[in-house]
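Commentary on secondary and tertiary structure
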Amino acid sequence: MGSNQLLPDKDYLVRMENISKVFGTITALRDVNFGVERAEVRALLGDNGAGKSTLIKILMGVYQPTTGQIYFENKLVNITSPAQARAIGIEAVYQDLALVNLMSISRNFFLGREMTKNLGPITYLDIRKMNEVCKQSLHDIGIEIRSPNERVGSLSGGERQSIAIGRGVYFGAKLLILDEPTSALSVAETRKVLTYIENARERGLGVIFITHNVHHVYMVADSYTIIRHGMNVGTYYKGELSEDDIADLITGDRES
Amino acid sequence: MDKAGFLKQRNRLDFASLREWGILIVFVLIVGILMLLSPSSFARPTNLINIVKQASINGILATGMTFVIISGGIDLSVGSIVALSGVIAASFAHPGEYPLIVPIVLSTLVGGVAGFLNGIGVAYGNIPPFIVTLGSMTMIRGMALIVARGSPVFNVTKAFENIAGGFLFDTIPYLVIYFVVTAAIGAFVLTRTVFGRRVYSVGGNEMAAKVSGIQVDRIKVAVYSISGFLAGVAGLLLASRIVSGNPTSGVSYELDAIAAVVIGGISLSGGSGKWYGAVIGALLIAVIGNGLDILNVSAHFQLLIKGAIIITAVLLDVKSKGNRT
């Protein structure tokens, strides 16, 4: 049953061991152990201010841990920037941060990783190829778009999420981090986004699904880690606890 | 996606693209009306070429300004750079002193360096672009006056005068050619290169650009360098055109360039705008000035009209944004 320990028989894609983070006099995280396997959807649950986003920002290279180590594919890593996290295969999908609303789907898809052609000394964008690859690779993971030239700003929240997920999958991300991906979505859109998450899992990606609401994630998650007051209250696998039990653990109405 | 939502999205897109084409339609309309009102003088080919010539220097400045504004910044220093680079160009263009290449290289280099320093201030000093370039505008104006010792630098070579004053095949002014070449290169860089795209992404969502591994600071330094360099070119051309380096020239040129960009539908909040916006904006300003002159409208009324056009352009921008997201 749930504990703060990593399990010795699991082959984790990412392991965060004994992570603590102190901001001045405030201890945001205390000795947290957290690991995600390949092809696993892990729900990271906790109330607002519990410390779940601090944990993820450490994984993304936004913050450095005060103590503790991170292993990615069994190698000790020191992640110092979001660009570096991305380079080793950690892709974060933030609802507002990931995409430029004023730019087209294709432009966003290749943002920072554009395809080019050369004509003598002149390097220029291979726009046609980018449009084709964008449309095709989104199609491959079940996302249909009207046109790669459409502005991201005119898409719905769910469509935007799906573009960001598709981009991560295409560029070979091994670990997808989704920050409250379904909190602002309609029921139908939520179902769609959950399908994309399942597709990503089928392709062998590890997925971290951050939310404060267990109902958003109960159906799709393989396991649940609950953070409260900066501590890992426990990691539970599917079937070990009911939805209501997990909700109680998040709020502290029930002790583990 | 349900049908109603789909239709709504189509409309929204159409409105946005209508606005992007809108300025082109307005431009054609105004030119058409002026041609009808004054077929004998406005519509004459020599007059039309003259309009493009009048738009050239502002158009070159506006091309540089386009990069800065799309990246989410602003460059107020270009008018002063025009004066400084013009003074430097004229100072090295006296007969019998240096070959023509010297004033050309020095004046454009000075512009590029000034822009580079603006970029450093914005990107690494974390000072708002308005403040950085307001300060450098004043400093560079001072430097122009110091270098010129307070009065215009006269006595330049015929070859120097010919840089902007000459004609290709005796019909097309060189100024027009510089404008067209600058606009074409600017358009290519903006729409067809990795750098161009990154300029848009920095202006559209700086955090997303950063998270995507784009070196935002370098992009910022680059756009101010481009703007400064083109201001140096404009200063060289202006000095050649007025056959002297005047330290008080170029006053409020930055505002004309910003006006051209804004009229061309390029959003002051950054991240959006078409490559041809600045070209159309600069041409429109010149067309209106020329047309109103021909129709004998006083210069005072011209200012009134120009200002009203700028406000209308921004109003369209704000309205369409409110509808988009």
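All residue numbers refer to positions counted from 1 along the written sequence of the respective chain. Written order decides the labels, with chains lettered from A and ligands numbered from 1. Only residues with pLDDT of at least 70 get local features here, since the model is predicted, and only at 80 or more are side-chain atom pairs given and counted; chain-wide, interface and lining totals rely on the full set of residues.

Brief notes about the packing of helix α2 (residues 45-70) of chain B against helix α12 (residues 277-294) of chain B
Geometry of a packed helix pair, given as the angle between the helix axes and the separation of the axes. All names here are of chain B. Look at α2 against α12: their axes get within 8 Å of each other, and the N-to-C directions meet at 145 degrees. In this structure, the crossing between α2 and α12 has a hand that is right-handed. Each of Ile51, Val52, Gln54, Ala55, Asn58, Gly59, Ala62, Thr63, Met65 and Thr66 in α2 lies in contact with α12, whose residues at this interface are Gly277, Ala278, Val279, Gly281, Ala282, Leu283, Ile285, Ala286, Val287 and Asn290. Note on residue classes: Ala, Val, Leu, Ile, Met, Phe, Trp, Tyr, Cys and Pro are nonpolar, Asp, Glu, Lys and Arg are charged, and everything else, Gly too, is polar. Class assignment for the residues of the contact of α2 with α12 results in 12 nonpolar, eight polar and no charged. To obtain each axis, a line is fitted to C-alpha atoms, and for helices this fit is confined to the stretch in contact; angles are then taken between N-to-C directions over 0 to 180 degrees. Helix and strand assignments follow DSSP, with helices taken as H or I runs no shorter than four residues and strands as E runs no shorter than two, numbered in order from the N terminus. Handedness of a helix crossing follows the sense of rotation of the near helix relative to the far helix, less than a right angle counterclockwise being left-handed and clockwise being right-handed. Once C-beta atoms have been placed from the backbone, residue pairs whose C-beta atoms lie within 7 Å are recorded as contacts.

Some details on the sheet that holds strand β5 (residues 75-77) of chain A
Residue and element names in this part refer to chain A. With respect to topology, four strands assemble into an open sheet ordered β2-β1-β4-β5, the strand pairing being antiparallel. Every other strand in the sheet has two partners, leaving β2 (26-37) and β5 as the edge strands with one partner each. The average undirected angle you get between the axes of adjacent strands in this sheet is 25 degrees. Sheet analysis places strand β1 (residues 12-23) next to β2, joined by eight bridges and oriented antiparallel. Residue pairing in the sheet places Val14 in a bridge with Val36 of β2. Being paired, for any two strands, means DSSP has found at least two bridges between them.

Examining the confidence of the model for chain B
Residues and elements named next belong to chain B. Confidence scores here are pLDDT values: one per residue, from the predictor, ranging 0 to 100. Across chain B, the average pLDDT comes to 87, with 90% of residues at or above 70. In this model, residues 1-12 is a region of pLDDT below 50 whose contacts with residues beyond four sequence positions or in other chains number five contacts. As a predicted assembly, this complex carries a pTM of 0.82 together with an ipTM value of 0.72.

Topic: the packing of helix α3 (residues 78-91) of chain B against helix α5 (residues 129-147) of chain B
Residue and element names in this part refer to chain B. Packing of α3 against α5 leaves a shortest axis separation of 8 Å and a crossing angle of 20 degrees. Comparing their axes, α5 and α3 come out roughly parallel. Where α3 crosses over α5, the handedness of that crossing is left-handed. Seen from α3, the contacting residues are Gly79, Ser80, Ile81, Ala83, Leu84, Val87, Ile88 and Ser91; seen from α5, they are Met137, Ile140, Arg141, Met143, Ala144 and Val147. Here the residues of the contact of α3 with α5 sort into 10 nonpolar, three polar and one charged. An angle counts as roughly parallel when it lies under 35 degrees, as roughly antiparallel when it exceeds 145, as roughly perpendicular when it falls between 65 and 115, and as oblique in every other case.

Topic: the pairing of strand β7 (residues 116-119) of chain A
The two faces of the sheet receive side chains in turn, since in a regular strand these alternate between them. Residue and element names in this part refer to chain A. Summarising the sheet, β7 and strand β8 (residues 122-125) pair through four bridges and their orientation is antiparallel. What sits directly across from Lys117, in β8, is Tyr124. Hairpin connection of β7 to β8: two residues between the antiparallel strands, including Gly120 at a positive phi of 60 degrees.

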